[in-house]
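A look at the structure
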Amino acid sequence: MKYYAKNRYLEPKEFVYKIEDFSGVDAAAAEESLPLGYSPYAYNVRFGGGAMLQGYGVGYAAIGGRYLPGMITVGETIKKVFLYKRFDRTTGVRDDRLIVQSNEDKLYEADLTSDTAFHEINVQLGGDKLTFLNCEYSEKDVLWICDNHGHLILYDGTTVQTMNDTPYFSDACVYNGRVFASSGAGANVLRFSAENNPGEWRETEGAGKVTFPDEGGKILRVTPFKESLLVFREYGVWRYIGYPRASSYTLNRIYATEQPIYGRSVSVCGDKVIFATGNGFYAYDASNVKSVFQNLFPLEDGLDDCAGCYYDNKYFFALRMKKRYGSRGRRSGH
């Protein structure tokens, strides 16, 4: 007679764990210790009303239900996009335009309210690294364009004015009636234009420069915030207040770090400025710099090409993430 042993197992039970809300990504803590509301790895996720919804994805750009032009000249691809904010003082209406730099280093524009195609701007560029800025000159809203070979272009929507042998700038903004710009040729030099003249950079004509004496690294980004001008360098942030030619200004360092700051992450977000370093996000509120979030950064796979922006009362950040179980990653928005 044969005997068979029969293993007895407990009946499996099913449990439902209710997650009240999705609290975010925490890649710094041990995965087994995370509460149910956190994920050790996530991207392109949107939650609403307790249910996971379809993500935003990528679609055709439209304003007021009208689609914007989707391509430029056949064979060329879009390299950089900038919004030229223009008010036509003759007609009294807005004339905002989308400016596109192609991989052939040509410039195209399209009116946001009427154009169905891009039109090439007749301008000669001397380099491929362009810096764009909206500013006012001669009672007109002009597009300020600088390349990396010392050419400066002012475009008022109709006429192109080109100036040669100007400094090369890598970032720029308007503050107290002048254009302030980081010098592409000098790591610790901040230049400013003549007052109310964004095309004049000769010191004999009212322009000038501010040289930072210490070892803060290269100037990455300059941006106005409230009553001051914030200067982001590789390893610190400085606050500039005042009028340069009158020598009535103050310059104070408000933040120092051993981790590099990433200039493209800097964004004014309402009553604060948010930026990223190698170990997390920080916010400046005109009084203090505070750490706001660090737990995403163990997932970063290089931040040199990251980017941040502020839209609809939210800060958006794009970075290259590591794969969940690998080395290289993808670009994702958070």
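Quick caveat, the model's predicted, so the values are computed rather than measured.

As for its placement among the helices and strands, G150 is situated in the loop between β14 (140-146) and β15 (152-155). Measuring from C-alpha to C-alpha, the distance between G150 and M163 comes to 8.4 Å, with 13 residues separating the pair along the chain. Sequence-distant contacts of G150, that is, excluding residues within four places in its chain, are made with M163, N164, D165, T166 and P167.

In this sheet, strand β30 (residues 314-322) lies alongside strand β29 (residues 307-311) in antiparallel orientation, the contact comprising five bridges. Residue pairing across strands places C309 opposite F316, the latter belonging to β30.

Across the sheet, four strands lie side by side as β13-β14-β15-β16; this open sheet has antiparallel pairing. Every interior strand has two partners, whereas the edge strands, β13 (131-137) and β16 (160-163), have only one. For this sheet, the mean inter-axis angle between neighbouring strands, taken without regard to orientation, is 25°. Bridging between β13 and β14 involves seven bridges; their strand directions are antiparallel. Bridged to Y137 within β14 is K140.

The tally for this structure, following the rule as stated, stands at 16 salt bridges. With its nearest N and O atoms 3.6 Å apart, the salt bridge here joins D171 to R221. Of this pair, D171 sits in strand β17 (residues 169-175) while R221 is found in strand β21 (residues 219-225), placing the two residues 50 residues apart along the sequence. Note that D312 and K314 form a salt bridge whose closest N and O atoms lie 3.6 Å from each other. Overall, the relative accessible area of 44% leaves K314 in the partly exposed class.

What follows deals with the packing of aromatic side chains. All chains considered together, the criterion is met by 21 aromatic pairs. With 5.4 Å between their ring centres and 20° between their planes, F82 and F132 make a pair best called stacked. Of this pair, F82 sits in strand β7 (residues 78-84) while F132 sits in strand β13, and the two are 50 residues apart along the sequence. For F132, a relative accessible area of 9% translates into the label buried. Geometrically, the ring pair formed by F169 and W201 is tilted, given 4.4 Å between the ring centres and 45° between the ring planes.

The rules behind these values
Residues numbered from 1 in each chain as written. Predicted model: local features only at pLDDT ≥ 70, side-chain atom pairs only at ≥ 80, totals over all residues. Heavy atoms only, no water. Helix = DSSP H or I, 4+ residues; strand = E, 2+ residues; numbered from the N terminus. Contact = heavy atoms within 4.5 Å. Pairing = 2+ DSSP bridges. Axes fitted to C-alpha atoms, helices over the stretch in contact; angles between N-to-C directions. Salt bridge = Lys/Arg side-chain N within 4 Å of Asp/Glu carboxyl O. Buried < 20%, exposed > 50% of the residue type's maximum accessible area, 1.4 Å probe, protein only. Phe/Tyr/Trp six-rings, centres within 6.5 Å; stacked < 30°, edge-to-face > 60°.

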